[in-house]
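# Fold and geometry: a report
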Amino acid sequence: MNLQISQRQIDATHELALSGEVDAYTAPKLKEVMLPLTEKEGNTVIVDLSGIDYMDSTGLGIFVGALKSSKANNSLLKLRGMTDRVKRIFEITGLTEVMDIESGVKGEAL
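Owing to the predicted nature of the structure, the values given are computational and were not obtained by experimental measurement.

Let us now look at the overall build of the protein. When its secondary structure is counted, the protein shows 3 helices and 5 strands. In the protein, the succession of α and β elements from N to C terminus is β-β-α-β-α-β-α-β. Its C-alpha atoms give the protein a radius of gyration of 13 Å, near enough to 13 Å, the size a compact globule of 110 residues would have. Along the first, second and third principal axes, the C-alpha atoms of the protein reach 30 × 25 × 25 Å.

To continue, consider helix α2 (residues 57-72). Relative to the 22 Å expected for 16 residues at 1.5 Å per residue, α2 spans 22 Å between its end C-alpha atoms, a close match to the ideal helical length. Of the positions making up α2, those classed as buried are Gly-59, Leu-60, Ile-62, Phe-63, Ala-66, Leu-67, Ser-69 and Ser-70. Against the buried residues of α2 lie β2 (13-22), α1 (27-38), β3 (44-55), β4 (76-80) and α3 (84-92). Its side-chain oxygen 2.9 Å from the backbone nitrogen of Thr-58, Asp-56 forms the N-cap of α2. Of the residues flanking the end of α2, it is Asn-74, one or two places downstream, whose phi is positive at about 55°.

What follows concerns the pairing of β3. Judged by how many residues are buried, β3 sits mostly within the fold: 10 of 12 residues are covered. Pairing between β2 and β3: 9 bridges, direction parallel. Residue pairing for β3: His-14 is matched across the bridge by Val-45. For the crossover from β2 across α1 to β3, the handedness is right-handed. Sheet topology note: the β3/β4 ladder contains 5 bridges and is parallel.

All right, on to the side chain of Thr-38 then. Tracing the backbone shows Thr-38 in helix α1. Residue Thr-38 is classed as buried on the basis of its relative accessible area, which comes to 0%. Side-chain polar atoms of Thr-38 contact the backbone oxygen of Leu-35, separated by 2.8 Å.

Between α1 and α2, the least distance of the axes is 9 Å, while the angle of their chain directions is 10°. In terms of axis orientation, α1 runs roughly parallel to α2. Contacts between α1 and α2 involve Ala-27, Leu-30, Lys-31, Met-34, Leu-35 and Thr-38 from the first element and Thr-58, Ile-62, Phe-63, Gly-65, Ala-66, Ser-69 and Ser-70 from the second. Counted by class, the contact of α1 with α2 contains 7 nonpolar, 5 polar and 1 charged residues.

The next thing to look at is the nonpolar core. With 25 residues, the main nonpolar core has Met-34, Val-47, Phe-63 and Phe-90 as its most contacted residues. Secondary-structure elements contributing two or more residues to this core are β2, α1, β3, α2, β4 and α3. In this structure Phe-90 touches Met-55, Leu-60, Phe-63, Leu-79, Met-82, Leu-95, Thr-96, Met-99 and Ile-101, once residues within four positions along its chain are discounted.

About the criteria used
- Per chain, residue numbering runs from 1 following the sequence as it is written.
- Only residues with pLDDT of at least 70 get local features here, since the model is predicted, and only at 80 or more are side-chain atom pairs given and counted; chain-wide, interface and lining totals rely on the full set of residues.
- Remark: hydrogens and water are excluded; side-chain values derive from all non-hydrogen atoms of the structure.
- Strands here mean DSSP runs of E at least two residues long; helices mean DSSP runs of H or I at least four residues long; both are numbered from the N terminus.
- Note on method: radius of gyration uses C-alpha positions; expected globular size equals 2.2 Å times residues raised to 0.38.
- Helices are assigned an expected span. That span is 1.5 Å times one less than the residue count.
- Throughout, exposure labels follow a simple rule: accessible area from a 1.4 Å probe, protein chains only, divided by the maximum for the residue type, with under 20% read as buried, over 50% as exposed, and the rest as partly exposed.
- Any two residues having at least one pair of non-hydrogen atoms within 4.5 Å are treated as being in contact.
- We call two N or O atoms a polar contact when they sit within 3.5 Å, provided that within protein one can donate a hydrogen and the other can accept it, with sequence-adjacent residues counted only if both atoms are side-chain atoms.
- Strand pairing follows a simple DSSP-based rule, namely that at least 2 bridges must link the two strands.
- The path from the first strand over the helix to the second decides the hand: if it runs clockwise while the strands point away from the viewer, the crossover is right-handed.
- For helices, the fitted axis covers only the stretch in contact; all axes are lines through C-alpha atoms, and the angles between them, taken along N-to-C directions, range from 0 to 180 degrees.
- Orientation categories follow fixed angle ranges, with anything under 35 degrees roughly parallel, anything over 145 roughly antiparallel, 65 to 115 roughly perpendicular, and all other angles oblique.
- Only Asp, Glu, Lys and Arg are considered charged, only Ala, Val, Leu, Ile, Met, Phe, Trp, Tyr, Cys and Pro nonpolar, and every remaining residue, Gly among them, polar.
- The term nonpolar core refers to a set of buried residues drawn from Ala, Val, Leu, Ile, Met, Phe, Trp, Tyr and Cys, joined through side-chain atoms within 4.5 Å.

Right, here's the structure in full:
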């Protein structure tokens, strides 16, 4: 399956809506879009994961890299809309403790 990325910008806030799978095949596409946004000081990057059905460790690595980039560049990375399956992966790896994750699950208005 592929990864679709929709992007919307309002001032320094960038919203990315993802759907599909984030894995070794699709992760480079996500990195190419998301990382430059976190590298600009003052940006807020909100990633809606409600359309993500599957994520592997490569995908997690992209989010860790984006988190490090946002901290180094004084920007903000927020994740929202995780399905239970995807949220569980973030919990197992401890990323829920260090990332800004908004509540909300697939199908809910965010």
